[in-house]
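# A closer look at the structure
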Amino acid sequence: MAPNKTASASGRKSAAKPARKDFNGGTYAEFDKDQEIKAYRDMLLIRRFEEKAGQLYGMGFIGGFCHLYIGQEAVVVGMQMSLKEGDQVITGYRDHGHMLATGMSARGVMAELTGRRGGYSKGKGGSMHMFSKEKQFYGGHGIVGAQVSLGTGLAFANKYRGNDSVSTAYFGDGAANQGQVYESFNMAQLWKLPIVYVIENNRYAMGTSVSRASAQTDFSQRGASFGIPGFQVDGMDVRAVKAAGDEAVEHCRSGKGPVILEMLTYRYRGHSMSDPAKYRSKDEVQKMRSEHDPIEQVKIRLMDKGWATEEQLKAMDKDVRDIVSDSADFAQSDPEPDTSELYTDILL
Amino acid sequence: MPIDILMPALSPTMEEGTLSKWLKKEGDTVTSGDVIAEIETDKATMEVEAVDEGVIGKLLIEAGTENVKVNTPIAVLLQEGESADAMSAEKPAQPEAPKANADTPAATSDAAGGKAREAKDEPASSADSKVPAAPKVDVAADPDIPEGTEMVSTTVREALRDAMAEEMRRDESVFVMGEEVAEYQGAYKVTQGLLQEFGARRVVDTPITEHGFAGVGVGAAMSGLRPIVEFMTFNFAMQAIDQIINSAAKTLYMSGGQMGAPMVFRGPNGAAARVGAQHSQDYAAWYSSIPGLKVVMPYTAADAKGLLKAAIRDPNPVIFLENEILYGQSFDVPKMDDFVLPIGKARIHKTGKDVTIVSFGIGMTYATKAMAELEKDGIDVELIDLRTLRPMDLPTVIESVKKTGRLVTVEEGYPQNSVGTEIATRVMQQAFDYLDAPILTIAGKDVPMPYAANLEKLALPTVGEVVQAVKTVCYK
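Residues numbered from 1 in each chain as written. Chains lettered and ligands numbered in written order. Predicted model: local features only at pLDDT ≥ 70, side-chain atom pairs only at ≥ 80, totals over all residues.

Labelled according to an unreviewed UniProt entry, chain B appears under the name Pyruvate dehydrogenase E1 component subunit beta, originating from Pseudorhizobium pelagicum. Regarding chain B, the relevant UniProt record gives this comment under Catalytic activity (unreviewed entry): "N(6)-[(R)-lipoyl]-L-lysyl-[protein] + pyruvate + H(+) = N(6)-[(R)-S(8)-acetyldihydrolipoyl]-L-lysyl-[protein] + CO2". Its UniProt record gives chain B a comment under Subunit (unreviewed entry), which states: "Heterodimer of an alpha and a beta chain." (UniProt positions renumbered as here; feature names shortened; annotations may be inferred.)

Going by what an unreviewed UniProt entry lists, chain A is known as Pyruvate dehydrogenase E1 component subunit alpha and is assigned to Pseudorhizobium pelagicum. Per its UniProt entry, chain A bears the Subunit (unreviewed entry) comment "Heterodimer of an alpha and a beta chain."

Within chain A, the regular secondary structure consists of eleven helices and eight strands. What you see for chain A is a C-alpha radius of gyration of 19 Å, in line with the 20 Å of a compact globule of 348 residues. By principal-axis analysis of the C-alpha atoms, chain A measures approximately 55 × 50 × 40 Å. When burial is assessed residue by residue, chain A has 57% of its 348 residues classed as buried. (Helix = DSSP H or I, 4+ residues; strand = E, 2+ residues; numbered from the N terminus. Rg over C-alpha atoms; globule rule 2.2 N^0.38 Å. Buried ≥ 20, exposed ≤ 12 C-beta atoms within 10 Å, placed from the backbone.)

What chain B contains, in helices and strands, is 13 helices and 24 strands. Within the span of chain B, comprising 476 residues, buried residues form 56% of the whole.

Turning our attention to unusual backbone geometry. Both trends apply: most residues other than glycine have a negative phi, and most peptide bonds are in trans. A cis amide bond links arginine 390 of chain B to the next residue, proline 391 of chain B, at an omega of -5 degrees. Topologically, proline 391 of chain B is positioned in the loop between strand E22 (388–390) and helix H10 (394–404). A positive phi angle is found at alanine 277 of chain A, which is not glycine, with a value near 55 degrees. Among the residues examined, alanine 277 of chain A registers 16 C-beta atoms within 10 Å and is labelled partly exposed. Phi is positive for asparagine 67 of chain B, close to 55 degrees, though the residue is something other than glycine. Mapped onto the fold, asparagine 67 of chain B is located in strand E7 (residues 65–69). By C-beta crowding, asparagine 67 of chain B is classed as exposed, having 12 other C-beta atoms within 10 Å.

All names here are of chain B. Relative to the assigned elements, arginine 226 resides in strand E14 (residues 226–230). Since 21 C-beta atoms lie within 10 Å of it, arginine 226 is described here as buried. Taking C-alpha positions, arginine 226 is 32 Å from serine 11, a pair spaced 215 residues apart along the chain. Ignoring sequence-local partners within four residues, the contact set of arginine 226 consists of Asp171, Ser173, Val174, Ala221, Pro262, Met263 and Ile312. (Contact = placed C-beta atoms within 7 Å.)

Now for the sheet that holds strand E8 (residues 73–78) of chain B. One open sheet holds the four strands; their spatial order is E1-E8-E6-E3 (chain B), and the pairing between them is antiparallel. The open sheet is flanked by strand E1 (3–6) and strand E3 (29–30) of chain B, the only strands paired with a single partner. (Pairing = 2+ DSSP bridges.)

With that out of the way, let us pick up the environment of aspartate 354 of chain B. All names here are of chain B. Within the secondary structure, aspartate 354 is located in the loop between strand E19 (347–350) and strand E20 (355–359). Along the sequence, aspartate 354 and valine 381 sit 27 residues apart, while their C-alpha atoms lie 5.8 Å from each other. Aspartate 354 has contacts with Ile379, Asp380, Val381, Thr404 and Cys474, leaving out every residue within four places of it along the chain.

This part takes up the UniProt feature "domain: Dehydrogenase E1 component" (unreviewed entry) in chain A. Per the UniProt annotation, the sites labelled "domain: Dehydrogenase E1 component" (unreviewed entry) are residues 42–338 of chain A. End C-alpha atoms of residues 42–338 of chain A are separated by 33 Å, and the span's content is 45% helix alongside 12% strand.

Turning to the sheet that holds strand E13 (residues 203–205) of chain B, a few remarks are in order. All names here are of chain B. Strand order in the open sheet made by the seven strands is E13-E12-E14-E15-E17-E16-E22, with mixed pairing throughout. The open sheet has two edge strands with one neighbour each: E13 and E22. On average, adjacent strands in this sheet sit at an angle of 20 degrees to one another, irrespective of strand direction. Packing against the sheet, helix H7 (residues 301–313) makes contact with strand E12 (174–178), E14, strand E15 (263–268), strand E16 (294–296) and strand E17 (317–322), and its axis sits at approximately 155 degrees to E17. (Axes fitted to C-alpha atoms, helices over the stretch in contact; angles between N-to-C directions.)

This part is about the interface of chain B and chain A. In this assembly, 35 residues from chain B lie in contact with 31 residues from chain A. The set of elements that each furnish at least two residues to the side of chain B that touches chain A consists of helix H3 (210–222), helix H4 (241–249) and helix H5 (251–254) of chain B. Among the elements that line the side of chain B that touches chain A, the one with the most residues is H3 of chain B, at ten residues.

Our next topic: the packing of helix H9 (residues 363–376) of chain B against helix H13 (residues 463–473) of chain B. In a packed pair of helices, the relevant descriptors are the angle between the two axes and the axis-to-axis distance. Residue and element names in this part refer to chain B. Between H9 and H13, the shortest axis-to-axis distance is 8 Å and the interhelical angle comes to 55 degrees. Here H13 runs oblique to H9, going by the angle between their axes. The hand of the H9/H13 crossing is right-handed. Every residue of H13 that contacts H9 at Tyr366, Ala367, Lys369, Ala370, Glu373 and Leu374 is listed here: Val463, Val466, Val467 and Val470. Residue classes in the contact of H9 with H13 are distributed as eight nonpolar, no polar and two charged. (Parallel < 35°, antiparallel > 145°, perpendicular 65-115°, else oblique. Left-handed = near helix turned anticlockwise from the far one by under 90°. Nonpolar A, V, L, I, M, F, W, Y, C, P; charged D, E, K, R; others polar.)

Listed below in structure tokens is the structure:
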């Protein structure tokens with residue numbers, strides 16, 4: 001596996017742990033051309049999809065809560081590149097990006113956002129509650145922290161069945177303070193369950209900054225008392241995520257138990273569509289966008305290395321926009337669920 | 001004065017036990033802390049320690065004697081200077097320390113010791129015991145059991161264990177997890193022997209972290225396994241209720257039918273005896289109000305077995321509410337290779353024509369006793385055991401009410417928003433014209449469960465209240 005100084009699941013702690021504000025502090029595994037292009041395209045799809053979702057929300061097509069993933073794309077795309085078929089993914093309510101990354105269709109996700117029958121949950125789940133058995137995506141959970149125990153249960157099932165699948169449970173810096181997270185850490189390490197806990201530290205639990213909510217802000221060490229190895233990863237660099245993901249997944253697959261990866265990331269938008277984000281400065285957001293944007297980083301590398309021309313990138317961008325527009329059209333024209341669906345899927 | 005050593009009560013509900021072994025013989029000197037005997041309750045084998053110093057003057061109960069009542073003198077301890085000859089035939093008028101030996105039961109497996117939630121060392125107060133220990137209860141024939149089937153007297157505890165064992169043999173994806181289910185053999189001995197037969201992979205001891213392990217169970221179920229999650233009691237499931245309701249009950253709907261949680265949450269529910277407010281709540285009404293759950297609350301051992309097997313096979317999350325006091329009671333259970341009962345179907349415990357009583361779980365103990373008393377007064381009760389609270393077999397209740405015109409419900413839970421008030425509402429809406437009297441609902445009192453024996457008795461329903469309610473609706 002590629003050398004990676006940021007995170008080393010084999011050691012107790014990485015030698016070169018990037019400081020919180022020093023996103024380029026590590027030397028990351030290099031991607032080849034295909035990997036760079038895949039990462040670029042997958043992240044771009046999430047970015048454009050979320051922008052469109054925000055737009056549809058503003059137009060009233062999407063109701064309720066809608067939590068956008070813009071800014072955090074490298075986390076889920078990099079992690080997904082480390083997984084193989086059969087590995088499970090579970091997350092909280094900021095879940096659109098995770099679903100697209102697992103290969104769920106943009107149409108199905110967008111139609112669920114608009115509450116239409118072609119949505120992944122027939123319109124009955126909404127933004128926070130979507131699932132795909134086919135893609136091994138287990139939700140989409142609206143209760144902060146619940147997915148951590150559930151994901152641990154998925155890992156339990158893998159071990160019970162004796163397969164080599166790995167469960168990946170994503171949660172935020174806010175959820176990382178929930179009690180059941182530690183109950184789950186304990187059991188996962190006690191039983192050596194194959195699970196990667198991916199803490200997406202985007203600095204704010206809704207409007208509360210990490211420093212105002214957390215006594216220990218180094219989330220990679222939240223499993224220390226259980227002996228769970230944990231690493232901080234530059235979550236804005238898809239290569240760093242992939243490198244850390246590879247080691248963590250390998251650690252799990254070989255039966256050594258859970259790993260915690262703290263992804264240092266940032267969300268550009270508010271907590272949800274209705275959040276004016278008054279708790280942070282515009283400068284802070286702008287600095288992150290201009291200096292650390294996960295998609296721009298790949299774009300620059302692609303051009304620097306001559307792996308893609310401006311035209312090729314534009315063509316890719318258009319492809320992605322087409323997929324997103326198509327999903328939006330579908331999500332607006334697809335009928336609402338039949339009223340009979342009110343009483344279906346309650347019990348089998 | 002020689003000291004009588006008394007049969008100790010080693011659990012909140014223990015009323016008798018087996019004196020399985022003496023570890024001291026007559027003439028032996030004992031000091032406090034010495035283990036003098038082993039006592040087997042229906043839950044565990046416990047060691048009995050001496051509290052006082054002296055010489056064993058006489059062993060009054062032979063090793064191996066069963067059904068020794070709590071507080072029966074089992075040995076006489078001689079004090080310094082006393083001789084066996086000095087022992088008079090007459091017993092001390094007042095036992096010196098009724099629970100002397102029970103204060104520090106050195107549990108053979110130590111997990112119970114000192115754990116508040118198990119309250120092992122509280123003696124059951126025999127004065128207000130709600131049911132006699134382990135009597136054989138006769139039940140009307142269940143149409144779901146083929147006529148002529150051989151019946152075997154079985155405790156509810158054994159029936160539950162047998163149901164789990166049979167389903168685990170049948171289906172590799174079924175496993176049990178919970179606190180003390182494996183090595184300890186179950187806090188209430190319900191999972192006894194399962195570890196030995198199925199091993200630690202399928203009988204999983206968990207840390208005392210209900211929220212977390214319930215979530216682990218739901219996650220495993222979402223991926224297609226069939227967990228049986230045991231809560232030591234349902235009181236502790238309040239820690240886990242978010243996972244039960246938000247994750248287990250709602251996922252099928254929220255996923256548009258793609259995935260759900262085929263699993264059972266089971267354990268003792270409701271009041272045991274003298275364990276106070278935090279360990280005595282009946283959750284029947286809570287869970288039965290949640291769409292996406294099935295809720296079963298059996299009374300008899302046959303129902304416990306047949307319905308638990310059904311619950312394990314059910315593709316939905318099933319809340320299976322047991323009762324500690326019923327665990328030791330014996331009922332006839334059909335000897336069948338695969339005895340499975342339908343969830344959602346009430347059982348007519350006894351047919352009658354004058355009045356309908358609807359109850360479930362331990363509520364049935366009040367109902368059956370009231371029924372017997374009312375019979376003496378010439379009132380012919382039709383008693384329905386709901387067995388399942390969700391989906392509720394209301395048609396059976398309505399049919400009965402159409403016949404009798406009168407209805408009383410009986411349960412131990414809180415009175416506001418009880419199962420009884422729900423039944424009353426629905427019967428009022430659907431069979432109003434058939435009612436000859438207002439429906440009366442007997443429930444626990446609207447108070448947290450008190451500890452004091454007299455108050456606890458007042459907080460629970462009584463047979464007398466049920467009798468009075470029936471007479472009231474019969475205008476007698």
